[in-house]
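# Architecture at a glance
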Amino acid sequence: MTTATPRTLAEELRTRSDRGLAGLLRARPDLLNPVPGDLTQLATRAGTRASVVRAVERLDTFALQTAEALAIAPDPCPYPTLAALMAGDAGNAAVAAALPRAVAALRAQALVWGPDDRLRLVRTARELLTPSPARPSPTGLGPTVAEATAGMSPGRIQEILAAAGLPATHDPVSAVAALTGLFCDRARMAALLDTAPAEAVAVLDKLLWGPPYGAVTDRPAAHLQWLLDRGLLLPAGARNVVLPREAALHLRAGRAHRAPEPVPPALDPATARDPQLVDNAAASQAFTALATVEELLKEWDLGGPPVLRAGGLSVRDLKRTAVALDTTEPLAAFWLELAHAAGLIASDGEADERYAATPAAEDWLQLPDHQRWAALVAAWLPATRTPGVVGTADAKGRALAALGPHLDRSPAPEVRHRVLTLLATLPPGTSVPERALLSRLRWERPLRAAAPATQPPAASSPPQGPAQAAPPSTAADGAAGPAPTDDLRSRLAQWTLIEAELLGVTGRGALAAHGRTLLRTTGDTGPSAETDTDADASPIAGALTPLTPLAPAEATATAVRAAALLAPLLPEPLDHVLLQADLTAVAPGPLRRPLAEALAVLADIESKGGATVYRFTPASVRRALDAGRSAAELQEFLTTHSRTPVPQPLAYLIDDVARRHGQLRVGAASAYVRCDDDALLSEILADRRAAALRLRRLAPTVLAAQSAPEQLLDGLRAMGYAPAAESAAGDVLVARADSYRTPPRTAPTPVPDGPPPPDRTLLEAAVRAIRAGDLAATAARKPATAPADTAPPTPGALPRTTSAETLATMQAAVLTSSPVWIGYVNADGAASQRVIAPVRVEGGYVTAYDHTSDEVRTYPLHRITGVSELADDAV
């Protein structure tokens, strides 16, 4: 049984309900790896430096400020003392209202324990947050009087007491206590400062909010000497001084922070738009995203660029891809990484490794538009690969390449999810400036950049000049000035806004209706907002709504739901074009896939957008003829799919190219040219441009060449002819390029930011196991009888009994139906303590209900190290 006032963190954890323990494990999943054996192990692990650092980094600004105030407060700290440090002498209604929530959040994460009259910050957190010369605190406070005078001679301390008007004492301890009492007494301290020179007060004002350290010369000015004589500046080194904490708090009117931030920054100014316009704009951009990825796959259909030796895409190939997609290089890197995350492109793994589309890309292309969009978004939400860092330098100064290594940024999914969640809190169709979102994100996860461990320049003074002090540190409170945007979290948020707009998740800066469906339907309250109550039907129910990103499976499910809302907004594919007399065709919208593929062979795309313009040229018509289409088939195709008559110039162009197409035949001799019209062959031989082909006449209708067939075809086409390739049997070869695909590839796996959050099943099992293990470790035992010369057992050690004693105790427990405490060593040699209720003993085995695992198990008697009866009131 625990006492009314817990003496340790472990004792307080024993007073928590299952819901409270579940909230702790949900907020700090690193405590579950592996599952602690009991609450003492859980408390020990919760106090390790690595775990505390991770927990502190996830505090919001006000909770962090509260922890910083506890770090400079007495230990233990009464709640009124903490409230005075946060609100100051004048009080602050907003701080007073928010402080209970902050303390509850610190308690829920086991960073603070104890009742309100004895709040204790865990030792590791205190060490991290307490100010020191090498690690200044964001509070800007220095050491206490006791800490600053630790190495001072007793005589010097007595001199300070005399100058401050305090009576002399008999020892340094009482002297330090007297000086501390003076600085903490508002009335006496005010009277002392009223006698200070104006220059001395100015020096104190410069050091007030930090850094509290300064430098002085061997002969300080009179006003500095006045401060040194009265202990308002205490030595901090050979020529350095520091403003003691108690004096600074008096000058600050009791406030630990310059600007407490009890409430998050508001998301304003807000711009309201028609939600339908936002949804339509997002749907239009979603369709453009599909077209862009499709264009990328088409560009790499025959095989993409080579893979760099170190991995990734070269700068030149990235530029070529950007030109092909008609976009910038950063956006091209985004589309490449998105297709890679969706498993649509990958490296082929061959000796001459290069990128290409995967077999999954074929399946993706056949899906309806809304399902293709869902696949892209489901890959984007949990992705940790960050295309925004492409082109920046890594730790070794090398530029990071698209599709290359070292692009994973673990916080990306959490930031992405949080940005969308903040946009979802706004009314439909409403957007806010980027700066407002960044300020809110910074308040939720303030960055704690460590100050350099160098001597801070502060109150240096020339012999006769005024004191000089460094300006207050901009990192002191994080409230002055706008939120910086050069940290990783802010950049991730900026990239999220850009990428969400590109994918059609947002439109005109506002979250679309289908974008809202990408988020969880439950509220994101987080473990820190939980109350320790057992009112819920399930004790774990309140511990499952933290601010965590979507898992891949969950992202897929939400993307499918969002795609169902997006589908009606996407344009319906058309089955027609509008032919014009200037040898162009206009597609007034997206075309059906077979029509778009056929038209892309017959014509060149001249411009893209809401309406795509195709241009017919002799080369494009020849390309269609090379693909096996005849002139009649091309005419019929255009007549069928055009809402306007086929213009006469286009019909003439097709007939003219078809009439000349195939007159010349190129085969392998190494190559030859065959034509029934010997005059045409003579014309080719007489053309100076044919000199590079090294042609000679073998017969009136045959020319031989020393060039390869492909080179000969290209050369004749460059001269304006329309040759056709033929096989060894004399048949025309249809020039259909074969698509190149990689072997089956899996999409890259996101790199999580720490251990994944536990699900309901794991939480329930972990809480049950910890409770049972704690019962086994803390259950009261009956004192074992032992010889007089035997040393008493070590607390927490496994019980030791002989085989006969073990068997006899087990049999007695079966008859009396009483639980016992055993030590057990499993097959792997791991020892544990268990509380069991034996049911049957036979054949060298004991069958019992195990309170530790909450199940009936069978134990070999030879693996039980010993057994002890529990005290009558233990269970």
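As a starting point, this report considers the structure included with it.

Cut-offs used in this document
Residues numbered from 1 in each chain as written. Predicted model: local features only at pLDDT ≥ 70, side-chain atom pairs only at ≥ 80, totals over all residues. Heavy atoms only, no water. Helix = DSSP H or I, 4+ residues; strand = E, 2+ residues; numbered from the N terminus. Expected span 1.5 Å × (residues − 1). Buried < 20%, exposed > 50% of the residue type's maximum accessible area, 1.4 Å probe, protein only. Contact = heavy atoms within 4.5 Å. Phe/Tyr/Trp six-rings, centres within 6.5 Å; stacked < 30°, edge-to-face > 60°. Lys NZ or Arg CZ within 6 Å of the ring centre and 35° of its normal. Pairing = 2+ DSSP bridges. Axes fitted to C-alpha atoms, helices over the stretch in contact; angles between N-to-C directions. Polar contact = N/O pair within 3.5 Å; in protein donor to acceptor, adjacent residues only side chain to side chain. Core = buried A, V, L, I, M, F, W, Y, C linked by side-chain atoms within 4.5 Å. Salt bridge = Lys/Arg side-chain N within 4 Å of Asp/Glu carboxyl O.

### Some thoughts on helix α18 (residues 329-341)
In this model α18 runs 18 Å from its N-terminal to its C-terminal C-alpha over 13 residues, within 8% of the 18 Å that 1.5 Å per residue would give. Across the 13 residues that make up α18, a large majority, ten, are buried. Burial in α18 covers these residues: Ala-332, Ala-333, Phe-334, Trp-335, Leu-336, Glu-337, Leu-338, Ala-339, His-340 and Ala-341. The inward-facing, buried residues of α18 abut α16 (275-299), α17 (315-325), β7 (345-347), α20 (369-380) and α23 (488-503). One or two steps after α18, the chain reaches Gly-343, where phi turns positive at roughly 75 degrees.

### A few points about the packing of aromatic side chains
Ring pairs (aromatic) are described by centroid distance and by the angle formed between their planes. Using the criterion set out here, one finds three aromatic pairs in the structure. Aromatic side chains Trp-300 and Tyr-355 sit 6.1 Å apart centroid to centroid with 25 degrees between the ring planes, which places their arrangement in the stacked category. In this pair, Trp-300 is assigned in the loop between α16 and α17 and Tyr-355 in strand β8 (residues 355-357), connecting sequence segments 55 residues apart. The two residues Trp-300 and Tyr-355 agree in class, both being buried. When the centroid spacing of 5.0 Å and the interplanar angle of 55 degrees are considered together, the rings of Phe-334 and Trp-335 count as tilted. Of the two residues, Phe-334 and Trp-335, neither departs from the other in class, the shared state being buried. The lysine or arginine in question, Arg-354, covers the ring of Tyr-740, its NZ or CZ lying 4.2 Å from the ring centre.

### Things to note about the sheet that holds strand β20 (residues 724-725)
In a beta sheet, neighbouring strands pair by backbone hydrogen bonds and run either parallel or antiparallel. Read from one edge to the other, the open sheet built from five strands follows the order β18-β19-β17-β16-β20, with strand pairing classed as mixed. Looking at the sheet topology across the chains shown, the edges are occupied by β18 (695-699) and β20. Where strand β16 (residues 665-667) lies against strand β17 (residues 671-674), three bridges are found, and the strand directions are antiparallel. Pairing of Val-666 across the sheet is with Val-673, part of β17. With respect to the sheet, helix α30 (residues 678-686) is in contact with β17, β18 and β19 (702-705), its orientation differing from that of β18 by roughly 155 degrees.

### Let's talk about α23
In this model α23 runs 22 Å from its N-terminal to its C-terminal C-alpha over 16 residues, within 8% of the 22 Å that 1.5 Å per residue would give. Among the residues of α23, those classed as buried are Arg-489, Ser-490, Leu-492, Ala-493, Gln-494, Trp-495, Thr-496, Glu-499, Ala-500, Leu-502 and Leu-503. Backbone nitrogen of Arg-489 and a side-chain oxygen of the N-cap are separated by 3.3 Å at the start of α23; the cap is Asp-487. Positive phi shows up at Gly-504, right after α23, with a value of about 80 degrees.

### Focus: the nonpolar core
The biggest cluster of nonpolar side chains holds 90 residues, and the ones touching the most others in it are Leu-25, Leu-42, Leu-82, Leu-227 and Leu-232. No other element matches the seven residues that helix α5 (residues 61-71) contributes to this core. With residues near it in sequence (within four places) discarded, Leu-82 still touches Thr-66, Ala-69, Leu-70, Cys-77, Leu-99, Val-103 and Leu-119. In terms of nonpolar packing, the next biggest core, distinct from the first, is built from 69 residues, Ala-378, Val-415, Leu-426 and Ala-562 among them.

### Quick notes on the sheet that holds strand β21 (residues 820-825)
Read from one edge of the open sheet, five strands run β24-β23-β22-β21-β25, paired in antiparallel fashion. Strands at the two margins of the open sheet, each flanked by one partner only, are β24 (855-860) and β25 (864-869). Strand-to-strand twist across the sheet, computed as the mean angle between neighbouring axes with direction ignored, equals 45 degrees. As defined by bridge partners, β21 adjoins strand β22 (residues 831-842) across six bridges and the pair is classed as antiparallel. Within the sheet, the bridge partner assigned to Gly-823 lies in β22 and is Gln-833. Contacts between helix α32 (residues 760-778) and the sheet are confined to β21 and β22, with β22 contributing the most and set at about 90 degrees to the helix. With respect to the sheet, helix α33 (residues 803-816) is in contact with β21, β22, β23 (845-850) and β25, its orientation differing from that of β22 by roughly 65 degrees.

### Focus on the side chain of Thr-149
For Thr-149, the location among the structural elements is in the loop between α9 (145-148) and α10 (154-163). There is a polar contact of 2.7 Å between the side chain of Thr-149 and the backbone oxygen of Val-145. When neighbours within four sequence positions are excluded, Thr-149 is seen to be in contact with Ile-157, Val-176 and Leu-234.

### Details of the pattern of salt bridges
A complete count under the given rule lists 33 salt bridges for this structure. Arg-123 is the partner of Glu-127 in a salt bridge, and the nearest nitrogen-oxygen pair spans 3.2 Å. Here Glu-127 and its partner Arg-123 are both found in helix α8 (residues 123-129), four residues apart, which amounts to about one turn of the helix. A relative accessible area of 61% means that Arg-123 is categorised as exposed. A salt bridge links Arg-741 to Asp-301; the nearest nitrogen and oxygen atoms lie 2.9 Å apart. One end of the pair, Arg-741, is in the loop between β20 and α32; the other, Asp-301, is in the loop between α16 and α17, and 440 residues separate them in sequence. Put simply, Asp-75, Arg-120 and Arg-126 are held in one network by salt bridges that share partners.

Spatial relationships are all this shows, so hold off on functional conclusions.
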